[in-house]
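Okay, here's what each chain looks like letter by letter:
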Amino acid sequence: MPATLEKIHGHCIPPFLPPLRTSEVPSSVIPGVTYFLCSWVNHFGHILMDMIFPSFLALQDLNVLGRSVRVIVDNRFTFPYGSNCTVMDAVETFLTPGTRPVELSRLLAEYRTWVKPVCFSRFVVGLKYERIVQSFTMTPWRPITVTDIRAFRDHVVSGHGARVLPEPDRSCRILILDRDTTDRRLTNVRELAQAVSASTHLYDIEVRIEKFDGMTMVAQVAEIVAADVFISVSGTGSHMAVFLPDGAASIVITTANKADVNVHLCQVATHLHCYNSTGEDTGIATPVTANIEHIAAIVRRTVVQMKHRCPSRRTHAL
C-alpha cells in the first residue's frame with residue numbers, strides 16, 4: 001500500500017524519506033494526516049513567515065487543518081541564527097498547538113528496527129520557501145490575503161485559549177519591544193516610553209517595555225494579542241504583528257541598515273494601522289536610537305483615532 005504524497009512546493013536535498021518497499025505488505029497504516037516539514041534555519045522570522053505560515057495555508061487549502069495533524073520535522077539543516085526559538089518550538093506553538101512534532105532523525109532511528117514498512121494514509125509534504133518574509137504578497141501557489149493573516153492569528157489564539165487571551169477590562173496598551181542583544185536594541189527605550197506616556201496622558205493608557213529574549217512563544221503571543229499599539233525595531237520581532245487584533249497599530253523603527261517589515265506586511269494586513277519611523281544606527285548588528293518625538297506624535301495621533309479601543313480618561317470615568 002503506497003503512501004499518498006501531496007507535494008506542495010519545492011524540494012529538500014538530500015532525500016528525506018527512506019525507500020518505500022511497496023512490494024511488501026506494511027505492518028500498519030498510520031491513519032489521518034501526516035505533514036512533513038523540511039526546516040532550514042533557526043531564525044524566528046524565517047521560521048514563522050517562511051515555514052509555519054505557508055504550512056498553515058497549505059494545510060488549510062487542503063482542508064485538513066481542522067483534523068488531528070501529525071507533524072514530522074526534518075531539522076538536520078538548521079543552524080543557529082541569534083534566536084531563542086527552534087523550529088520544534090514554533091511548530092508546536094503556531095501550527096499544531098498542544099501537539100509535539102516528531103523529529104525525522106528519531107523516526108528514522110525507529111524505522112531501522114521495523115521488520116516491515118509502515119505507511120501513512122495521507123502524507124503531505126511542505127518544504128522550504130524563502131520569499132514570504134521578503135515580499136509577503138504571494139505563496140508559491142496563490143496570493144496571500146488579509147483573511148489568511150486573520151485566520152492564522154485566530155488559529156494560534158484559539159489553540160492556546162485562555163493562556164493568550166487578554167483581560168476584558170484592561171487599559172489600552174502600548175507595547176514597546178526591546179532586546180537584550182546588541183542588534184536592534186533600543187538605546188533610548190526608557191525615554192521613548194516616557195515620551196509616549198506623556199503624549200497620551202489624556203487617555204487610559206498602559207505603556208509596557210518587553211523583551212522577548214528567553215520568553216516562550218506562547219507568552220510572546222499573549223503580549224501581542226493584548227497590545228493596541230506595537231512598537232518594534234524592524235526585524236524578527238516585528239513579524240509578531242501578524243498576531244495583533246483588528247484595528248491595532250504596528251509602528252516599525254527602520255534605519256539605513258534595517259529594512260521596513262511593515263512595507264511588505266501591510267500591503268496585505270489591511271486590518272491593521274501601519275507606520276514607520278526612521279531611527280539611527282551605525283551598522284547592521286548595532287543598537288538603534290529611536291526618533292522619540294516622531295514616534296510620540298504617531299502614537300498620539302493613532303490613539304486619538306482609536307476612540308473605541310483607547311477611550312479618554314474623561315470618557316472612561318463617565
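Read on for a plain summary of the structure.

About the thresholds
- Within any chain, residue numbers begin from 1 and follow the written order of that chain's sequence.
- Thresholds applied to this predicted model are a pLDDT of at least 70 for local features of residues and 80 or more for the giving and counting of side-chain atom pairs; totals over whole chains, interfaces and linings are not thresholded and use all residues.
- Hydrogens and waters are ignored; side-chain quantities use all the structure's heavy atoms.
- When a residue's accessible area, from a 1.4 Å probe over protein chains only, is under 20% of the maximum for its type it is buried; when over 50% it is exposed; and in between it is partly exposed.
- Elements are defined by DSSP. Helices are runs of H or I of four residues or more, strands are runs of E of two residues or more, and each kind is numbered from the N terminus.
- When DSSP finds at least two bridges between two strands, those strands are taken to pair.
- In this analysis, axes come from line fits to C-alpha atoms, helices being fitted only over the stretch in contact, and the angle between any two N-to-C directions falls in the range 0 to 180 degrees.
- Here roughly perpendicular refers to angles of 65 to 115 degrees, roughly parallel to angles under 35, roughly antiparallel to angles over 145, and oblique to all remaining angles.
- Any two residues whose heavy atoms approach within 4.5 Å are treated as being in contact.
- Following the grouping adopted for this structure description, the nonpolar residues are Ala, Val, Leu, Ile, Met, Phe, Trp, Tyr, Cys and Pro, the charged ones are Asp, Glu, Lys and Arg, and the polar ones are all others, Gly among them.
- Criterion for a disulfide: a pair of cysteine sulfur atoms at a distance within 2.5 Å.
- Residues belong to a common nonpolar core when they are buried Ala, Val, Leu, Ile, Met, Phe, Trp, Tyr or Cys residues joined through side-chain atoms within 4.5 Å.

A short note on the pairing of strand β9 (residues 249–254)
- Within β9, 6 of the 6 residues are buried, which leaves it mostly tucked inside the rest of the structure.
- Along β9, one buried face is formed by A249, I251 and I253 and the opposite face, lined by S250, V252 and T254, is buried too.
- Judged from the 5 bridges that link them, strand β8 (residues 229–233) and β9 form a sheet pairing that is parallel. Pairing of F230 across the sheet is with S250, part of β9.
- Of the strand pairs in this sheet, β9 and strand β10 (residues 273–278) are connected by 6 bridges, and their pairing is parallel. Along β10, the bridge assignment pairs I253 with S277.

Concerning the packing of helix α2 (residues 87–95) against helix α5 (residues 146–160)
- Following both chains from N to C, one finds α2 and α5 inclined at 90°, their axes separated by 8 Å at the closest point. The orientation of α2 relative to α5 falls into the category roughly perpendicular. Note on element contacts: α5 touches α2 through F152, H155, V156 and H160, opposite T93, F94 and L95.
- Class assignment of the residues belonging to the contact of α2 with α5 gives a composition of 4 nonpolar, 3 polar and no charged.

A word on the state of the cysteines
- Scanning the model with the defined rule gives 2 disulfides in all.
- Paired through a disulfide, C172 and C310 show a sulfur-sulfur distance of 1.8 Å. Taken as a pair, C172 in strand β6 (residues 172–178) and C310 in the loop between α9 (292–305) and α10 (313–317) lie far apart in primary sequence, 138 residues in all.
- By relative accessible area, C172 is classed as buried at 2%.
- Relative accessible area serves as the criterion here: at 1%, C310 is assigned to the buried category.
- Linked covalently through their sulfurs, C266 and C274 form a disulfide whose S-S length is 1.7 Å. Judged by the torsion about the S-S bond (-75°), the C266/C274 disulfide is left-handed.
- Using a relative accessible area of 26% as the deciding quantity, one classes C274 as partly exposed.

Details of the nonpolar core
- I52, F94, F152 and F243 are the most contacted members of the largest nonpolar core, which has 54 residues in total.
- Broken down by element, this core gets its largest block of residues, 10 residues, from helix α1 (residues 44–61).

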